[in-house]
Amino acid sequence: MKEWTQSERYRIYTEADKAELEALHESILNSRWRTDYHIQPLTGLLNDPNGFCWFKGKWHLFYQWFPYGAVHGMKHWYHVTSEDLVHWKNEGLALKPDLLFDNYGCYSGSALVQDDRVYLAYTGNSKDFDLTRHPYQLLACMDHAGRITKYGRPLISPQKGYTEHQRDPKIFEYKGKYYILLGAQNEEEKGVLLLFESNQIEEGWQLLGEVKVRGYENFGFMCECPDIEKIGDKWLLLFSPQGIEKESGRFEQKFNNIYMTGDFDPEHLEFIPDAPYEELDCGFDFYAAQCAAQSQFENAAVLSGWFGCGGYAYPPTDEEGWSGLLTLPRILSIENGKLIQRPAPALAEMKKEILFEAKDGTIVNDRLHGLMPVSAVIHLENPNLQLFELSLFSKNGKRGFEISYDRNTRVLTVDRSLMANQVNAEYGTVRKVRLDEGLSVLDVYVDHSTVEIFANEGEKVISARVFPEADEKIIRMGGRDINLSIYRAEKTNDDSLII
Ligand code: FRU
């Protein structure tokens, strides 16, 4: 693998680089692991979703982008839009690190829609000559025509009492005041959440203090990408703490993305959770999720996550010069006290012709003849589901990517240990999720190198990257009385190189 020098890693995009990126883009277009309906980087590395919002009839989403290869280098923001959260269009480079305040990267941030504008609050990863980091919280503004202008002055300067790790502002409005929730590390090297307040977006930001979560003292050594959303009369707090304890079968990723539902009042600096924190995704590759500033879905939040995690490598695509994707957007609601995460509704329209169908365990239509489609939507249901096994991408009699359920234990198991290409296996190759009420419906979205499993219409979600080789192409299934349909999925992402 290529060794990156400091100057190769910290390049800012200029027009002169277009030909280089065109060549890289061209070389990865035919990769077997490029997807059909996920947001993926044009070239290079994608990490967190940023600035997600609904504005002027469209969803706007940005991603953390290092254009030149599969490493975490100089971060830019790349812009994509959609009318339905399913069909995406590339819009071009949105933010590049050309200020002193962001000279080592435009790090993550969020959007606030106000009047005719989108305000983008983000972290300027600024470093001085000896590479000491000074984190600034900065502001940019997008007008109705999509033009983005940066404000020259920081909203928030580095805060005393905290280390260089202060980042990922979530900007929101509540009862006529503006707030920023920020991830930070205190001088004892503990992860904390800071809350700032202002009467105006452009200036006047004051630190209110640390948001305490009742019942908790410890969230590891750093809290990244915090988000807080009001859903009906409850609040949803989510963030990505680094260094929390692994529990048996849970929080097994290197870094995890957690959530709590509960009560909150910004003026009291205390979040009162309804129940202990949980993983937002019970799979292998999920981090830094963010909700959109939106009013399209009532009493709900709209979430996008990074289909990856800090400190992970994905050698199959890293070697090709690209890395990372965003997960499918999810609609979050709180039902009977539980967080439910459903795939965006328009994803249902993406199901094209039916390739396979079984009713009550009997095959009624089979155009697959045992071959696994590289992109597909699988729907499985039976309210009295007993036992089933679904083996995606298996090879001549051997098992592949295994999804199975056992009604006796009510455990859904996802096992990727038998695939030829293993990634980040030190963080576990099997996930087991207990479903209190059993399993009645399962929706599985497969897209070349991704599998997203929604159990019981969003009660639990399990996401996994998977890198099947050409000979890992057989689908096998077994189970009593299942109703199973497999559809071809439409291509909805955009491959055009617009910078
Ligand atoms: C999370 C993160 C953020 C940071 C960004 C930099 O993955 O580390 O905390 O702003 O990525 O790309």
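The notes below deal with the structure included here. (Residues numbered from 1 in each chain as written. Predicted model: local features only at pLDDT ≥ 70, side-chain atom pairs only at ≥ 80, totals over all residues. Heavy atoms only, no water.)

A look at the environment of histidine 76
Mapped onto the secondary structure, histidine 76 falls in strand 3 (residues 76-82). For histidine 76, a relative accessible area of 0% corresponds to the buried category. Along the chain, histidine 76 and alanine 111 lie 35 residues apart, while their C-alpha atoms are 16 Å from each other. If near-sequence neighbours (up to four positions away) are discounted, histidine 76 is found in contact with Arg11, Ile12, Tyr13, Tyr63, Gln64, Trp65, Pro67, Leu93, Leu95, Lys96 and Pro97. At 3.1 Å, the side chain of histidine 76 forms a polar contact with the backbone oxygen of methionine 74. (Helix = DSSP H or I, 4+ residues; strand = E, 2+ residues; numbered from the N terminus. Buried < 20%, exposed > 50% of the residue type's maximum accessible area, 1.4 Å probe, protein only. Contact = heavy atoms within 4.5 Å. Polar contact = N/O pair within 3.5 Å; in protein donor to acceptor, adjacent residues only side chain to side chain.)

Considerations on the nonpolar core
Of all hydrophobic cores here, the largest spans 55 residues; its most connected members are Ile39, Trp59, Tyr63, Leu85, Met350 and Tyr445. Mapped onto this core, the elements with two or more residues apiece are helix 2 (18-28), strand 1 (44-55), strand 2 (58-66), strand 3, strand 19 (287-291) and strand 20 (301-306). The dominant element in this core, judged by the number of residues it contributes, is strand 2, at 5 residues. With residues up to four places along the chain from it excluded, the contact list for isoleucine 39 reads Leu46, Leu61, Tyr63, Val80, Trp88, Leu325 and Leu326. Counting residues in hydrophobic clusters, the runner-up holds 37 residues, among them Ile378, Phe401, Ile403 and Val444. (Core = buried A, V, L, I, M, F, W, Y, C linked by side-chain atoms within 4.5 Å.)

Quick notes on the packing of aromatic side chains
One pass over the full model with this rule turns up 28 aromatic pairs. Relative to tyrosine 277, the ring of phenylalanine 219 lies with its centre 5.9 Å away and its plane at 45°, an arrangement referred to as tilted. Here phenylalanine 219, found in the loop between strand 13 (212-213) and strand 14 (222-231), pairs with tyrosine 277, found in the loop between strand 17 (270-273) and strand 18 (278-279); they are 58 residues apart in sequence, far enough to count as distant. Here phenylalanine 219 and tyrosine 277 have matching classes, each one buried. Through a chain of ring-to-ring contacts, three or more aromatic side chains come together here, namely Trp33, Tyr312, Tyr314, Tyr427 and Phe467. Residue placement shows arginine 11 over the ring face of tyrosine 68; its charged tip is 3.8 Å from the ring centre. Stacked on the ring of tryptophan 33, the Lys or Arg arginine 32 has its end atom at 5.9 Å from the ring centre. (Phe/Tyr/Trp six-rings, centres within 6.5 Å; stacked < 30°, edge-to-face > 60°. Lys NZ or Arg CZ within 6 Å of the ring centre and 35° of its normal.)

Some points on the sheet that holds strand 11 (residues 191-198)
The antiparallel open sheet is built from 4 strands, whose spatial order is 9-10-11-12. For this open sheet the edge positions go to strand 9 (162-174) and strand 12 (206-210), each flanked by a neighbour on one side alone. Here the average twist between neighbouring strands, direction ignored, is 25°. One ladder, built from 8 bridges, connects strand 9 with strand 10 (residues 177-186); its direction is antiparallel. By the bridge assignment, tyrosine 162 is partnered in strand 10 with asparagine 186. (Pairing = 2+ DSSP bridges. Axes fitted to C-alpha atoms, helices over the stretch in contact; angles between N-to-C directions.)

Here we look at the sheet that holds strand 19
Spatially, the 4 strands line up as an open sheet ordered 19-20-22-23, and their pairing is antiparallel. Looking along the sheet, the strands with just one partner apiece sit at the ends: strand 19 and strand 23 (338-343). On average, each strand axis in the sheet is inclined to that of its neighbour by 35°, with strand direction left out of account. Where strand 19 and strand 20 come together, 3 bridges link them in antiparallel fashion. Its bridge partner being in strand 20, glutamine 290 is matched across the sheet by serine 304.

Re unusual backbone geometry
In the Ramachandran plot, phenylalanine 251 falls in the positive-phi region, its phi being about 50° despite a non-glycine side chain. Look at aspartate 360: it is not a glycine, yet its phi comes out positive at around 50°. Examined against the element boundaries, aspartate 360 turns out to sit in the loop between strand 24 (351-359) and strand 25 (362-366). By relative accessible area, aspartate 360 is classed as exposed at 54%.

Points about the environment of tyrosine 107
Here tyrosine 107 lies in strand 5 (residues 106-114). On the basis of relative accessible area, tyrosine 107 is assigned to the buried category, the value being 18%. For the pair formed by tyrosine 107 and leucine 390, sequence separation is 283 residues and the distance between their alpha carbons is 40 Å. Setting aside anything within four residues of it in sequence, one finds tyrosine 107 in contact with Gln64, Lys75, Trp77, Tyr122, Thr123, Asn125, Arg133 and Arg167. Of the polar contacts made by the side chain of tyrosine 107, one reaches the side chain of asparagine 125; its length is 3.2 Å.

Quick word on helix 2
Looking at helix 2, one finds that the buried residues are Leu21, Leu24, His25 and Ile28. Within helix 2, the buried residues cover an arc of 100° as seen down the axis, which keeps them to one side. Exposed and facing more than 90 degrees away from the buried side of helix 2 are Ala19, Glu26 and Ser27. Along its buried surface, helix 2 packs onto strand 1, strand 2 and strand 21 (322-323). (Arc of directions from axis to C-beta.)

Details of the site of the ligand
In the vicinity of the ligand, the residues found are Asn47, Asp48, Gln64, Lys75, Tyr107, Ser108, Arg167, Asp168, Glu224, Tyr287 and Trp306. If you list the elements that add at least two residues to the shell around the ligand, you get strand 1, strand 5 and strand 9. Per-class residue counts for the shell around the ligand are 3 nonpolar, 3 polar and 5 charged. (Near = heavy atom within 4 Å. Nonpolar A, V, L, I, M, F, W, Y, C, P; charged D, E, K, R; others polar.)

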